[in-house]
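Single-letter residue listing:
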Number of protein chains: 6
Amino acid sequence: MTDVSQYNGKFHRASSPSPNVLLLEFNRKPANAFHDPFWMEMRDIIERVSRDGNIRCIVLSSALDKFFTAGLDLDGTSIGKAVNLDAARRGFELYNHIKDFQDAISSLEHCRQPVICAMYGYALGLAIDIASACDVRFAASNVTMGIMEVKVGLAADIGTLQRLPKVVGNGSLARELALTGRKFGAATAQELGFVSKVVDGGRQEVIDAALVLAKEIAENSPVAVYGTKHIMNHARDHAVQEGLNYEAAWNASALQSNDTAASILGVRKRQVPVYENLPSAHVPAKL
Amino acid sequence: MTDVSQYNGKFHRASSPSPNVLLLEFNRKPANAFHDPFWMEMRDIIERVSRDGNIRCIVLSSALDKFFTAGLDLDGTSIGKAVNLDAARRGFELYNHIKDFQDAISSLEHCRQPVICAMYGYALGLAIDIASACDVRFAASNVTMGIMEVKVGLAADIGTLQRLPKVVGNGSLARELALTGRKFGAATAQELGFVSKVVDGGRQEVIDAALVLAKEIAENSPVAVYGTKHIMNHARDHAVQEGLNYEAAWNASALQSNDTAASILGVRKRQVPVYENLPSAHVPAKL
Amino acid sequence: MTDVSQYNGKFHRASSPSPNVLLLEFNRKPANAFHDPFWMEMRDIIERVSRDGNIRCIVLSSALDKFFTAGLDLDGTSIGKAVNLDAARRGFELYNHIKDFQDAISSLEHCRQPVICAMYGYALGLAIDIASACDVRFAASNVTMGIMEVKVGLAADIGTLQRLPKVVGNGSLARELALTGRKFGAATAQELGFVSKVVDGGRQEVIDAALVLAKEIAENSPVAVYGTKHIMNHARDHAVQEGLNYEAAWNASALQSNDTAASILGVRKRQVPVYENLPSAHVPAKL
Amino acid sequence: MTDVSQYNGKFHRASSPSPNVLLLEFNRKPANAFHDPFWMEMRDIIERVSRDGNIRCIVLSSALDKFFTAGLDLDGTSIGKAVNLDAARRGFELYNHIKDFQDAISSLEHCRQPVICAMYGYALGLAIDIASACDVRFAASNVTMGIMEVKVGLAADIGTLQRLPKVVGNGSLARELALTGRKFGAATAQELGFVSKVVDGGRQEVIDAALVLAKEIAENSPVAVYGTKHIMNHARDHAVQEGLNYEAAWNASALQSNDTAASILGVRKRQVPVYENLPSAHVPAKL
Amino acid sequence: MTDVSQYNGKFHRASSPSPNVLLLEFNRKPANAFHDPFWMEMRDIIERVSRDGNIRCIVLSSALDKFFTAGLDLDGTSIGKAVNLDAARRGFELYNHIKDFQDAISSLEHCRQPVICAMYGYALGLAIDIASACDVRFAASNVTMGIMEVKVGLAADIGTLQRLPKVVGNGSLARELALTGRKFGAATAQELGFVSKVVDGGRQEVIDAALVLAKEIAENSPVAVYGTKHIMNHARDHAVQEGLNYEAAWNASALQSNDTAASILGVRKRQVPVYENLPSAHVPAKL
Amino acid sequence: MTDVSQYNGKFHRASSPSPNVLLLEFNRKPANAFHDPFWMEMRDIIERVSRDGNIRCIVLSSALDKFFTAGLDLDGTSIGKAVNLDAARRGFELYNHIKDFQDAISSLEHCRQPVICAMYGYALGLAIDIASACDVRFAASNVTMGIMEVKVGLAADIGTLQRLPKVVGNGSLARELALTGRKFGAATAQELGFVSKVVDGGRQEVIDAALVLAKEIAENSPVAVYGTKHIMNHARDHAVQEGLNYEAAWNASALQSNDTAASILGVRKRQVPVYENLPSAHVPAKL
């Protein structure tokens, strides 16, 4: 097994509670408020994990007892402050900043491993952007969520408005929550279709449940798991026929794995099949 | 506050029950059946409201006790009647008419303010096209809904088939309702994910509930509210990355408002922040 | 009425329990496992039915007591077996095979008649691809479903990953099921929004319920029913404005039917309107 | 023949030099500089012409001897001037203005009749946006063109950057011209593929050539001509298969005209076939 | 080498003038007018060739001295004739017919081998639809071309309007030709960018030139040639980033061929590299 | 002026021959063959330049006398070599590598400054991918170009097949060149529409011409230049209306620059207007 201590950071804690599973916890006291170095570190870790063949599933949560995250660190942002630039040039600065920030959150969607987001306590603002970019969302019954951006004069621009409505089952409720900035709990999150499980309790309980799921996924063929995530991402953004075409091209190589034979052998021998890891890719060296 | 009497019409009643909120009620007795002048007036009002900075949220309902709307005024339509044209030329007439009609309904989607649709009593046929083009949908418990077009030999062409499946959570049920023309009540609408609230009672109760929500939205920053609606419309119709790109361009200017500073100040002073209206735009003069 | 015995096949049983309704049942003992000739036959039948104006609605189910289908016939597939080709050429073989297989399943989506899928017993793997390509899904309470592909080292490439997430209301749950290959029952299918009705019982009960719906649909105008299905397929894959544009072009001819007049006459005379069948189209002769 | 004097305006001169052909000339001395009322009038005229079945082809040019148009009337614009709004609210004003302006130019693309743009003399800035929205472009040998916006601190936002590269044959040259704002003549326009004919001379010569083409088009079936323009607009913006699908829906009614029979009869009788006009549509009354 | 006599047909003549090259010639006297059985046969042949690994390049031309093709066989079409159906049902018939016809022409685009179209003499109407669906177009100097559909009351619906503008360099000229139905010769075709070579002479000369090119292509790696055609088709219809994504998925298997090693070896040994054919795929048996 | 020595690299030479212009030259002897560190360095430099407000235009060329670039360094690639992985896992390795390589070339398209590509001598294989990603292409008369990938068993996957056909005027010729791998000179490049200028001579002459253009662009408003490039990139990949929508959002802030006022003042005072640089953005620190 890989040494996951390489994924510890200034604001992140990494551990591997079961084989091929990474538990990554936000860890910036007192409330996991996100300033630039925080999300830049998250992106860096996720991009390195993505290319690590030893990790097959990620659980994303927090190390703080009461906070998944309180959202953006408003003291750390320049939005709303005076600058000495005309509005066009100031606009370009903001544009660059938004794109960098978006890319950091999108790294969760793009990484090869499924990401299970285990939310509890306060999970506000950016929490929803982050959770929306994950594959699976679990909530503790003590969670308080909110699409808070509208309350500070902003349209959420880091992914909630783009991703959340595509994964829930009530567009009217999604708009209510986004337009009011109203806080909501686990029951509403479930009714909305935003989470697939509500776990009685708080931080520990929801992380435990997420780890059970992660273990189950990590035991499946990593070729199949990576392909399933990758194809579902693609399918969400394309017409059905377009998705089928892409899938056919993707599977032209992915079906040439040893894993199907291993699966069938496993079924016949009534043994748990063993799958090789994906090859680790080198992150392009920074020059 | 703006004088909303300018938004009264032959078939519409306008009032402003709370600051910056417009209540617009259909008002064509006996059943709000839609003929051409009715939806043309609706479009005209909504397009003017859209450019009125004093209005921050719209509640759309009806002034008639039993009818949100019974749908299309079949006596007022030429469909199904003989004409003295070859089928190609007749087809062009129909094409023009459909496009005009579609554009009228789409004005609800395109206007700057969120629109909350408060349905009750009979909400049939065109009612569903209209509600689907709104941002939030509430229903009274006495509502009778129906995607009735199939019952009169038509595929609904004014928006239900395009918009409804994208905002609900059960595609199988959506097709059942569209293919049968079956009537359904508030419970089914909620199970489907079409409405986000069912209010016990009828017309008055559901309008009251919608006005509470409208007031909440109207007190938020209009820059943030307009942006949130605009971006959610865009996101529905685009891949996630495409939506993020557009959002970044949009927010390059939208983040340069005074509203974030006002929000933060409000939080710190524990006062309700006060936001300026959007600038009113002149509707291009008709020549 | 058409003679539906022409739609019997080696692996399919055809009957017409009510006017203009075709009940098509899978029929390959012992478990409806799909090898190539099975799905090729299904495509051939569906494409011929599509052009048959006498059929207005299809119910798709199985003739076997315990199995809707157990999924792919793994003995009948070459996946996972050695071949004497370089990986590029082998990839082209797989690509061709996947495209043919996809096209067979997509025939359900493309055929002119709505297809109601009545599932019960084991409905595994390919069952979900097939059901996702249908318009309406009913399940018996005894059903056991599963997106099983990940369990045999594959990303499902015949349509589940493309279509299922677009018709359900909980993206997190959809990914859970696809990434784990976990089996699930009728309650989960309903909570997910995958089926619109759960029928107490098994094979007979769910087929009966589907036939009631089929009869209701078959009595509506076939111009309206075909258009509604066709337009909903289009709308799913396009932005709203794009869908509206296409609908306007489509209805330029479709509104020139006699069916609207017949509907209105029916309402006025309080009689059930009678609609002519669609014209049958000749399948292009095979050369 | 229709009375085209209804299409005269404060800034436009209308005439009908041959049957079913409208010659529309810009007419604001001294240089056809465009302020808001000018392009609003153009839109109004074009939208009315579009629904006039008597007009089958439009030639767009100018009544001034030396100027097709010198472009935007910079004295008439608020861009670059101080306003008393925060940058977000000012941005919304600009956004609204740009959309209105774009829609005015796009009316040329959307109108049912082909538009032939006859350029000569100075055809700068907005001239290129306008010409790009037309179907066919002719230039007099004396023309001076230029994508001038970059010279006044702007990215052209009324259509040149969107449309011109899609209709020319050298993307490198298109970018050179847009990034430098360099003026260019008829030879470059032809080498670029922007015009299909260069006519020796100036205003009169190029208008005469355009009228010859217009007459030829106006004698063809208006069902076929309208369809050809409409479908080519659609095809430009879509993948080929998507374009074919739309075309099939469009032609389902358009092929049911009397014009094909008239054409074939004409061929057999060696007579010029006579086609009926399209039906005129009423512009929705302004309320 | 494969026996290409299997590709002879009632209206087609097949030969193989050099290894792995198929010359397919239209052969319906006196003018290659296309009725339904003609294009149905063409589709059948092309689809079988597509799956034949022995064929690496196709030259498409005609066996008749003066005619590539005169276009549609108007005596063989039902367009413009009376039918006993309402316009909606008649529209569905036309829709089905157009789709079948389009699919026949699109088989040229979808087949694995590049198709070189060698035009001469009369190449009218459908000739342009066919040529537009090919990869490379050569013209003899004696060619007479024309987008003739507008002359018989139709908007061309089999592919010219969708494909031609995307492969030429002067959108204004493309519209002129489509809107007038004007005939044009080799010089205009070249100026337009529609053909890449004009060959002095007629039938024999242009076929000879096409065969030289076909031989050159057939000697390249068939993995590379198939991939290049397939990817260029995809790229034409997608945004650049989308095309790059698809290409990466495609090449994940295609780069695992033996052909690159063979190429490099060839360069080093100064020998012509020898590449294996693609595997032949079985056309799914017709049931 | 910025110190451009920071943009020197192991394989790149940077200089600034005129204000705000960067000349970047490939510099890996003997033939600028690209191995991974070479294109990784190029990406790193271009991404840093992109955020440098002092650079307003880039000329990309080579420091070697005879070679723009000979293309891929085949000794430095693992393609075609044996690996100890199943084809699926090997496919994922290739996929990752292709994506990284593509992103490096795409950095030229995404950077804020226009890039003028000055080609001469051998400009083969990857040279065409690179040139296609630039804004403007100039060629010396001594250039030898070639889309060589097909000659080594590959479909070009780094951008040529995606970008080149969208910027040229003869799709038939583009396919000929890509399918044969034939070498071609400046005249063909110009006929194809791939370059906008052919300069008599070789390296020095074409670089000089490119620098003249770069100087002209660098003197324009950088707000306008950046916007023009950005919008033209967007427009290439979108339908026209979609492009217009995006442009309106972009210009909502970009029109709020001081540059329009400066331009107008310049015109009135008959002085060269002076524009401020764009703000430099910090590249996110590498963690």
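Residues numbered from 1 in each chain as written. Chains lettered and ligands numbered in written order. Predicted model: local features only at pLDDT ≥ 70, side-chain atom pairs only at ≥ 80, totals over all residues.

A. Main features of the overall build of chain A. Helix and strand counts for chain A stand at 10 helices and 10 strands. Taking 287 residues into account, the globule formula puts the C-alpha radius of gyration at 19 Å, and chain A, at 20 Å, falls close to it. For the C-alpha atoms alone, the extent of chain A along its principal axes is close to 65 × 45 × 40 Å. Across the 287 residues of chain A, 63% fall into the buried class. Partitioning the intrachain contacts of chain A with sequence separation of at least 6 by distance along the chain shows that 70% fall at a separation of at least 24. (Helix = DSSP H or I, 4+ residues; strand = E, 2+ residues; numbered from the N terminus. Rg over C-alpha atoms; globule rule 2.2 N^0.38 Å. Buried ≥ 20, exposed ≤ 12 C-beta atoms within 10 Å, placed from the backbone. Contact = placed C-beta atoms within 7 Å.)

B. Region of the structure containing the relation of the copies chain B and chain A. When chain B is fitted to chain A, the residual RMSD is 0.0 Å, and the transformation amounts to a turn of 120° plus an axial shift of 0.0 Å. Between the two chains, the operation in question is that of a three-fold axis. Of the C-alpha atoms belonging to chain B, the one lying closest to the rotation axis is found on B:Gly169, 2.1 Å away. A different interface surface on each copy is seen, since only 4% of the contact residues of chain B are contact residues in chain A too. (Least-squares fit on C-alpha atoms with pLDDT ≥ 70 in both.)

C. Seen up close, the sheet that holds strand 1 (residues 12-15) of chain D. Residue and element names in this part refer to chain D. Strands sit in the order 1-2-3-5-7-10 across an open sheet of six strands; the sheet is mixed. Looking along the sheet, the strands with just one partner apiece sit at the ends: strand 1 and strand 10 (197-199). Between one strand axis and the next, the sheet turns through 20° on average, direction left out of account. Where strand 5 (residues 115-119) meets strand 7 (residues 136-140), four bridges bridge the pair, whose relative direction is parallel. Paired with cysteine 117 across the strands is arginine 137, a residue of strand 7. Strands in contact with helix 1 (residues 36-50) are strand 1, strand 2 (21-26) and strand 3 (57-62); relative to strand 1, the strand with the most contacts, it is inclined by about 20°. (Pairing = 2+ DSSP bridges. Axes fitted to C-alpha atoms, helices over the stretch in contact; angles between N-to-C directions.)

D. View of the interface of chain B and chain A. Counting from both sides, the interface comprises 45 residues of chain B and, opposite them, 37 residues of chain A. Counting residues per element, the ones that place at least two in the side of chain B that touches chain A are strand 7 (136-140), helix 4 (160-167), helix 7 (203-218), helix 8 (222-236), helix 9 (240-254) and helix 10 (259-269) of chain B. Ranked by the residues each element gives to the side of chain B that touches chain A, the list is headed by helix 9 of chain B, at 10 residues. Grouping the constituent residues of the side of chain B that touches chain A by class yields 24 nonpolar, 14 polar and seven charged. (Nonpolar A, V, L, I, M, F, W, Y, C, P; charged D, E, K, R; others polar.)

E. Here's a closer look at the interface of chain F and chain B. On the side of chain B, five residues touch chain F, which itself brings five residues to the contact. Split into classes, the residues belonging to the side of chain F that touches chain B amount to four nonpolar, one polar and no charged.

F. Just the sheet that holds strand 4 (residues 67-69) of chain B, in detail. All names here are of chain B. In space, the four strands of this open sheet follow the order 4-6-8-9, with mixed pairing throughout. In the strand order of this sheet, the two ends are held by strand 4 and strand 9 (183-184), each with one partner. Sheet analysis places strand 4 next to strand 6 (residues 122-124), joined by two bridges and oriented parallel. Within strand 6, the residue paired with threonine 69 across the bridge is alanine 123.

G. Region of the structure containing the nonpolar core. Core analysis: the largest hydrophobic core is formed by 644 residues, its most contacted members being B:Met119, C:Met119 and E:Met119. Not counting residues up to four positions away in its chain, the partners in contact with B:Met119 are B:Phe68, B:Ala127, B:Ala131, B:Arg137, B:Phe138, B:Ala139, B:Ala140, B:Val143 and B:Val206. (Core = buried A, V, L, I, M, F, W, Y, C linked by C-beta atoms within 7 Å.)

H. Spotlight on the pairing of strand 5 (residues 115-119) of chain B. Residues and elements named next belong to chain B. In terms of burial, strand 5 is a largely internal element, five of the five residues being buried. With burial as the criterion, each face of strand 5 is covered, one bearing Val115, Cys117 and Met119 and the other bearing Ile116 and Ala118. Alignment of strand 3 (residues 57-62) against strand 5, held across three bridges, turns out to be parallel. In the sheet register, isoleucine 58 faces strand 5, and the bridge partner there is valine 115.

I. Molecular detail of the domain arrangement of chain A. All names here are of chain A. Assigned domains within chain A: domain 1 (4-218) and domain 2 (222-269). For domain 1 versus domain 2, the distance between C-alpha centres works out to 27 Å. With seven residues of domain 1 at the contact, the number on the domain 2 side is six residues. Among the residues making up the side of domain 1 that touches domain 2, the classes are represented as two nonpolar, no polar and five charged. (Domains from an automatic or database assignment.)

J. The relation of the copies chain F and chain B, seen in detail. It takes a turn of 180° to lay chain F on chain B, together with a shift of 0.0 Å along the axis; the resulting RMSD is 0.0 Å. Those values place the two copies in the arrangement expected of a two-fold rotation axis. Scanning chain F for the C-alpha nearest the rotation axis identifies F:Ser253, at a separation of 2.4 Å. Looking at chain F, 100% of its interface residues are interface residues in chain B too, so the copies touch through the same face.

K. Unusual backbone geometry, seen in detail. A cis amide bond, omega 5°, links B:Lys29 with the succeeding residue B:Pro30. Locating B:Pro30 in the fold gives a position in the loop between strand 2 (21-26) and helix 1 (36-50). Its identity as a non-glycine residue notwithstanding, D:Arg270 has a phi of 50°, on the positive side. On the basis of neighbour counts, which here come to 6 C-beta atoms within 10 Å, the residue D:Arg270 falls in the exposed class.

L. Quick look at helix 8 (residues 222-236) of chain E. An ideal rise of 1.5 Å per residue puts 21 Å on 15 residues; helix 8 of chain E measures up with 21 Å between its terminal C-alpha atoms. The element helix 8 of chain E is largely enclosed, with a buried count of 13 among its 15 residues. (Expected span 1.5 Å × (residues − 1).)

M. Region of interest: helix 10 (residues 259-269) of chain F. All names here are of chain F. Turning to helix 10, its buried residues number three or more, namely Asp259, Thr260 and Ser263. On an axial view of helix 10, the arc spanned by its buried residues comes to 105°, and they lie on one face. In helix 10, the exposed positions angled more than 90 degrees off the buried face are occupied by Arg268 and Lys269. For helix 10, the secondary structure elements touched by its buried residues are helix 8 (222-236). Looking one or two places after helix 10, you find arginine 270, whose phi comes out positive at around 55°. (Arc of directions from axis to C-beta.)

N. Representation of the environment of D:Ser221 in the model. Structurally, the position occupied by D:Ser221 is in the loop between helix 7 (203-218) and helix 8 (222-236). Here the alpha-carbon distance between D:Ser221 and D:Tyr275, two residues 54 residues apart in the chain, equals 5.7 Å. Not counting the four nearest positions on each side in its chain, D:Ser221 is found in contact with D:Asp259, D:Ser263, D:Tyr275, E:Val150 and E:Gly153.

O. Representation of the confidence of the model for chain A within the structure. When pLDDT is averaged across chain A, the result is 94; 95% of the residues are at 70 or more. The ipTM assigned to the predicted complex is 0.96, against a pTM of 0.97. (pLDDT = per-residue confidence, 0-100.)

P. Spatial organisation of the pairing of strand 7 (residues 136-140) of chain F. Residue and element names in this part refer to chain F. Most of strand 7 sits out of view: five of its five residues are buried. Burial of strand 7 is two-sided: the residues Val136, Phe138 and Ala140 facing one way and the residues Arg137 and Ala139 facing the other way are all buried. The sheet contact formed by strand 7 and strand 10 (residues 197-199) spans three bridges and is parallel. Across the sheet, the residue bridging to alanine 139 is valine 198, located in strand 10.

Q. The environment of F:Leu255, seen in detail. With respect to the secondary-structure elements, F:Leu255 resides in the loop between helix 9 (240-254) and helix 10. Residues F:Leu255 and F:Ala224 lie 31 residues apart in sequence; the distance between their C-alpha atoms is 9.0 Å.

R. A look at the environment of D:Ala87. Mapped onto the elements, D:Ala87 comes out in helix 2 (residues 87-110). According to the C-beta neighbour criterion, D:Ala87 is buried, with 24 such atoms within 10 Å. Beyond its immediate stretch of four places on either side in the chain, D:Ala87 contacts A:Ala87, B:Ser253, B:Gln256, F:Ser253 and F:Gln256.

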